[in-house]
Amino acid sequence: MFMVAMEATIVSTAMPQIVAHLGGLRLYSWVFSSFLLTQTAATVIFGKLADLYGRKPIMLTGIGVFLVGSIFAGFAWSMASMVLFRLIQGVGAGAIMPVALTIIGDLYPTRERGKVQGYLASVWAFSAVVGPMIGAFIVTKLSWAWIFWINLPIGLAAACGFALFLREKTRQQRPSIDFAGAGLFTCAIAALMGALTDISGTDRTTLAILAAVTCLCLALFVRQERRAQDPIISFDLWKRRAIAAANGAGVVIGMVLMGLTSFLPMYVQGVLHRSPIVAGLALTMVMVGWPCGATFTARAFPRFGLRPILLAGGLLLPIGAGVLVFLTPDSSPVIAGIGSLLMGLGMGLVSVSSLVLIQEIVEQSERGSATASNLFARNLGSTLGAAAFGGVLNYGLSHSANAGSANSDQLRDLLQAQTTQVNTALQTTLQHSLHVTFCAMFVIALVSIVLTLLVPAAVTRRIGEVPAE
């Protein structure tokens, strides 16, 4: 989990240098969205394969696929090849994350699982601090390829640990796997991302085709899910108001998190003209705030109730995004870090509260599906966020007042931030584009307030009355 968690921040910090070396700025957001696309689609499939074949072989397969993708990503010769190898990495991550959480559920009873979840939160917090630092060090002192190759010793050590120490019973069950649903979902999201990511540079005919493919695949996906024996998404589960609202908040969290991690480093380096280390520190604050908010929620909701914490998290998200909206080229990177921290706190409050909510209002036989639906919602939000905010950025670049004076080579030079002379017109173009992107993020974050208000007070009150184990 540390390997996958660190990948989220180390790549974000190094991406300005990668795109400066490889070119292809329009594919910038696809480096993130391609990874999330395959991870989202693979999560449910590998979760069911773990039930069919056991946890160990699926975990080892996931680690192997992730490492293969990491090796080739380090040898990427263009942004297109980088996107392809990130797709492979996403498949591996789609196996690692759900199976790791399943193994925790297998090994530890409910009474001890909370403490173990605290360990897992510390892994994410530690990787959030270490990842940007390592990423900044690598792009400054070494080749950027090492941000991917550093996964090799970590992954091999984890694989050896599972191979030597994980013991499990042979499983005879053969649950059905909804490959058709996973395929239709993947096609629908891929077409949607294609339309959103390059909306300003794609002709209307291509956009119409992509929109038609998206609608057709979604319609077929809904039909397939209604007929499937074990559907990827249980529509009956999502019909419950509390679960739908909580999972909707998960979609919002995924979207704003991806927008923040993708474009805050670009703003700090390209607009504020600061070093990758400073950009990494600003981004680190979101992953510092998240575990702090999560820890507070786990300890405080029995005293204060679940609904106030949900509302507080829903309010912190747009407040933090609003701080980023007011950034200017003269702003201190500390302001960017404060906005990042506030958003991280809000995410921690909402994510843990939502997970507690959906786990407690369903029967034990539905708890696994309910938990999976929440994780699925976050992954879906991250996938859509990478595509949507990438489209907003490209739109802003092409519609800025100084758009005619900007080209890919100049933007690459600006993102490298290695020269003392700053192209003011170019910096203004990038600042305008990222400002529009942060405004879009603020609007999306406002939805979290509405969604948290939709959670019935009676439901959260009943959960608060459940005694802690």
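What counts, and where the lines are drawn
- Residues numbered from 1 in each chain as written.
- Predicted model: local features only at pLDDT ≥ 70, side-chain atom pairs only at ≥ 80, totals over all residues.
- Heavy atoms only, no water.
- Axes fitted to C-alpha atoms, helices over the stretch in contact; angles between N-to-C directions.
- Helix = DSSP H or I, 4+ residues; strand = E, 2+ residues; numbered from the N terminus.
- Parallel < 35°, antiparallel > 145°, perpendicular 65-115°, else oblique.
- Left-handed = near helix turned anticlockwise from the far one by under 90°.
- Nonpolar A, V, L, I, M, F, W, Y, C, P; charged D, E, K, R; others polar.
- Core = buried A, V, L, I, M, F, W, Y, C linked by side-chain atoms within 4.5 Å.
- Buried < 20%, exposed > 50% of the residue type's maximum accessible area, 1.4 Å probe, protein only.
- Contact = heavy atoms within 4.5 Å.
- Phe/Tyr/Trp six-rings, centres within 6.5 Å; stacked < 30°, edge-to-face > 60°.

**Notes on the packing of helix α13 (residues 306-325) against helix α14 (residues 333-360)**
Axis separation between α13 and α14 bottoms out at 7 Å; the angle between their running directions is 155 degrees. As far as their axial angle goes, α14 and α13 are roughly antiparallel. In this structure, the crossing between α13 and α14 has a hand that is left-handed. Here the residues of the contact of α13 with α14 sort into 20 nonpolar, seven polar and no charged.

**Notes on the nonpolar core**
In terms of nonpolar packing, the biggest core is built from 121 residues, with Ile18, Met82, Trp144, Met343, Met347, Leu434 and Phe438 touching the most fellow members. For this core, the element with the highest residue contribution is helix α11 (residues 241-270), accounting for 18 residues. Look past the residues within four positions of Phe438 in its chain and what remains in contact with it is Phe263, Leu264, Tyr267, Leu324, Val325 and Leu327.

**Here's the deal with the packing of aromatic side chains**
Enumeration over the complete set of coordinates arrives at five aromatic pairs. Where Trp146 meets Trp149, the ring centres are 5.2 Å apart and the plane angle is 85 degrees; that geometry is what we call edge-to-face. Residue Trp146 and its partner Trp149 are both found in helix α6 (residues 146-149); the two are separated by three residues, about one turn of the helix. Put simply, the rings of Phe72, Trp77 and Phe85 touch in pairs and so form one group of aromatic residues.

**Re the environment of Leu257**
Tracing the chain through its elements places Leu257 in helix α11. The spatial distance from the C-alpha of Leu257 to the C-alpha of Ala386 is 9.2 Å, given a sequence separation of 129 residues. Contact partners of Leu257, with chain neighbours within four places excluded, come to Val286, Trp290 and Met347.

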